[in-house]
Protein chains: 2
Amino acid sequence: MTPTRVRLIDAAARLLDEGGTTAVTLRAVGRLAGVSHNAPYKHFAGKEDLLAAVAARELGDRGARPDRSRAEPDARQLMHAYVRWALRYPARFKLTFGAWSPGSAGSGIADLAAAAAAARSGLVAAVERGQAAGELPAGDPDRVAALALAVAHGAADLALNGHLSPAGKGHARPQDLVDDLFDQLGRQLPARCRCG
Amino acid sequence: MTPTRVRLIDAAARLLDEGGTTAVTLRAVGRLAGVSHNAPYKHFAGKEDLLAAVAARELGDRGARPDRSRAEPDARQLMHAYVRWALRYPARFKLTFGAWSPGSAGSGIADLAAAAAAARSGLVAAVERGQAAGELPAGDPDRVAALALAVAHGAADLALNGHLSPAGKGHARPQDLVDDLFDQLGRQLPARCRCG
DNA sequence: ACCTGAACACCGTTCAAGT
DNA sequence: ACCTGAACACCGTTCAAGT
């Protein structure tokens, strides 16, 4: 709300993009925002809370974007967008979906939890539309959504950490793994096929 | 090789298990190992190289264990073991499959790359056995293995970070997602079903 | 070869003041 | 209410010595 608060978040996000997670120090954030090195403590509970505010804003921006271009994206497109975002902004991805200590209760962490819940429900809604259209198997939509997210998240994280494509064997791009899953999910037995 | 080197790795692993990744400081490692706070620099290029040595040993131990109890584990069992290990030792999991700067070339990092390659080839071999037994779909075994690993890794990582089961809705245990994938992979159209 | 102690430039966080 | 400067207890890393 207050201008210096958003200035601090801006500075932290910029440092994150430029120098990775290790470059985001409270002192550098204050320096870049034009305040003293401990002014952040008047706006955030500490370093972790400031980082949570950055993650919450990033998650909110990501959720707000696809709504304009396309009213009802399908689950496959959402997971492709997820992977694309992770590969393009590795530091934001690692921060947003990294570990958040459940005990601490700063304002930024609360915002982050709410933004994450909103993103999750959007994916579940897309899965339900896919099930209604017969493109995805029946069953608990929360669980199908979790499976899709697990593949996208795991593929992106493994790729970023160099654990996916061993030696230039091009065939393990994370987007391909997302497609493999959805192709497999779409290949379920149709109702008319009872020849078993 | 040298005794102090393994003592330093022991100390780092113990600090990692007890206090998480932030507890592993070079000074605390030296203290626990009974040497000065910068003796590690005679055995490792720096902090990252010591951590890589810890990760390489962990990965090697994980690879050596299942060989005794079961000669040829299948891919599903390997992925279940992967998830079980990640949930039980979160800090080791995050360290082992975390980010390793590709530029640096310490001895520990080289060991880690070799151990990761060995683990990967073991999974690919299990996938090939599953394909031969008709339990897994045909196609590039490297890619099927990558899909299985992506689900296991993503499910474990999301679960550890609280992004999987939203509000006590029990139905998103990472092991269940691994089963969902393998159940789906086993539900491929049999050759005799040509009624489409 | 292996280890030590002092030193340097950082860091997060706290605290007593300032306006 | 918001910000500042000094201070505390750390940290990784380097360096000149010691044996």
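(A) Spotlight on the protein's contact with DNA strand D. Near DNA strand D lie 17 residues; those nearest to it are A:S36, A:N38, A:H43, B:R27 and B:N38. The sugar and phosphate moieties of DNA strand D supply 45% of its atoms located within 4 Å of the protein. In the model, a base oxygen of DNA strand D is placed 2.3 Å from a nitrogen or oxygen of the A:N38 side chain. No other element matches the 3 residues that helix 2 (residues 26-33) of chain B contributes to the surface near DNA strand D. By residue class, the composition of the surface near DNA strand D is 3 nonpolar, 9 polar and 5 charged.

(B) Expanded view of helix 5 (residues 75-88) of chain B. Taking 1.5 Å of rise per residue, the 14 residues of helix 5 of chain B would be expected to cover 20 Å, and the 20 Å separating its terminal C-alpha atoms lies within 8% of that figure. Two or three places before B:R76, at the opening of helix 5 of chain B, B:D74 has a side-chain oxygen 3.2 Å from that residue's backbone nitrogen.

(C) Looking closely at the protein's contact with DNA strand C. Neighbouring DNA strand C are 18 residues; A:R27, A:N38, B:S36, B:N38 and B:H43 lie closest to it. In the interface set of DNA strand C, defined as its atoms within 4 Å of the protein, sugar plus phosphate atoms amount to 45%. The side chain of A:N38 places a nitrogen or oxygen atom 2.6 Å from a base oxygen of DNA strand C. Interatomic distance of 3.4 Å between a side-chain N/O atom of B:H37 and a base nitrogen of DNA strand C.

(D) View of the environment of A:S36. Residue and element names in this part refer to chain A. The topology assignment puts S36 in the loop between helix 2 (26-33) and helix 3 (47-64). Note on S36: relative accessible area 38%, which makes it partly exposed. Sequence separation between S36 and V6 is 30 residues, and the spatial gap between their C-alpha atoms is 15 Å. Here the side chain of S36 touches N38 through a polar contact of 3.0 Å, side chain to side chain.

(E) Main features of the packing of aromatic side chains. Throughout the structure, instances matching the rule amount to 12 aromatic pairs over all chains. Note on B:W85 and B:F93: the rings are 5.9 Å apart at their centroids and 85 degrees apart in plane angle, and the pair reads as edge-to-face. Classification of B:F93 as buried rests on a relative accessible area of 2%. Taken together, the aromatic side chains of A:Y82, A:W85, A:F93 and A:F97 make up a single cluster linked through ring pairs. The ring of A:Y89 carries the charged tip of A:R92 above its face, separated from the ring centre by 4.0 Å.

(F) How the structure looks around the environment of A:L78. Residues and elements named next belong to chain A. Topologically, L78 is positioned in helix 5 (residues 75-88). Along the sequence, L78 and R92 sit 14 residues apart, while their C-alpha atoms lie 17 Å from each other. If sequence neighbours within four positions are ignored, L78 has contacts with P73, G122, L123 and A126.

(G) Expanded view of the side chain of B:H163. Along the polypeptide, B:H163 turns up in the loop between helix 8 (141-160) and helix 9 (174-186). The class of B:H163 is buried, set by a relative accessible area of 7%.

(H) Molecular detail of the side chain of B:H153. Positionally, B:H153 belongs in helix 8. Engagement of the side chain of B:H153 in a polar contact is seen with the side chain of B:Y82, the distance being 2.8 Å. In this structure B:H153 touches A:G154, A:D157, A:L158, B:Y82, B:F93 and B:F97, once residues within four positions along its chain are discounted.

(I) Spotlight on the nonpolar core. Counting residues in each nonpolar core, the largest one holds 122 residues, and the members touching the most others are A:M79 and B:M79. Setting aside anything within four residues of it in sequence, one finds B:M79 in contact with B:L123, B:A148, B:L149, B:A152, B:V178 and B:F182.

(J) Fine view of the packing of helix 8 (residues 141-160) of chain A against helix 9 (residues 174-186) of chain A. All names here are of chain A. The N-to-C vectors of helix 8 and helix 9 enclose an angle of 160 degrees; their axes lie 8 Å apart at closest approach. Between helix 8 and helix 9, the crossing angle belongs to the class labelled roughly antiparallel. Taken as a pair, helix 8 and helix 9 cross one another with a handedness that is right-handed. Taken together, the residues of helix 9 that come into contact with helix 8 (itself represented by L147, A148, V151, A152, A155, A156 and A159) are P174, L177, V178, L181, F182 and L185. For the contact of helix 8 with helix 9, the class distribution of residues is 13 nonpolar, no polar and no charged.

(K) Structural context of the pattern of salt bridges. Residues and elements named next belong to chain A. All told, the structure shown has 20 salt bridges over all chains when counted by the stated rule. Of the charged contacts, one joins D176 and R173 as a salt bridge, the two residues approaching to 3.1 Å between their closest N and O atoms. Judged by its relative accessible area of 44%, R173 is partly exposed. The structure contains a network of salt bridges with shared partners spanning D17, E58 and R92.

The rules behind these values
- Residues numbered from 1 in each chain as written.
- Chains lettered and ligands numbered in written order.
- Predicted model: local features only at pLDDT ≥ 70, side-chain atom pairs only at ≥ 80, totals over all residues.
- Heavy atoms only, no water.
- Near = heavy atom within 4 Å.
- Polar contact = N/O pair within 3.5 Å; in protein donor to acceptor, adjacent residues only side chain to side chain.
- Helix = DSSP H or I, 4+ residues; strand = E, 2+ residues; numbered from the N terminus.
- Nonpolar A, V, L, I, M, F, W, Y, C, P; charged D, E, K, R; others polar.
- Expected span 1.5 Å × (residues − 1).
- Buried < 20%, exposed > 50% of the residue type's maximum accessible area, 1.4 Å probe, protein only.
- Phe/Tyr/Trp six-rings, centres within 6.5 Å; stacked < 30°, edge-to-face > 60°.
- Lys NZ or Arg CZ within 6 Å of the ring centre and 35° of its normal.
- Contact = heavy atoms within 4.5 Å.
- Core = buried A, V, L, I, M, F, W, Y, C linked by side-chain atoms within 4.5 Å.
- Axes fitted to C-alpha atoms, helices over the stretch in contact; angles between N-to-C directions.
- Parallel < 35°, antiparallel > 145°, perpendicular 65-115°, else oblique.
- Left-handed = near helix turned anticlockwise from the far one by under 90°.
- Salt bridge = Lys/Arg side-chain N within 4 Å of Asp/Glu carboxyl O.

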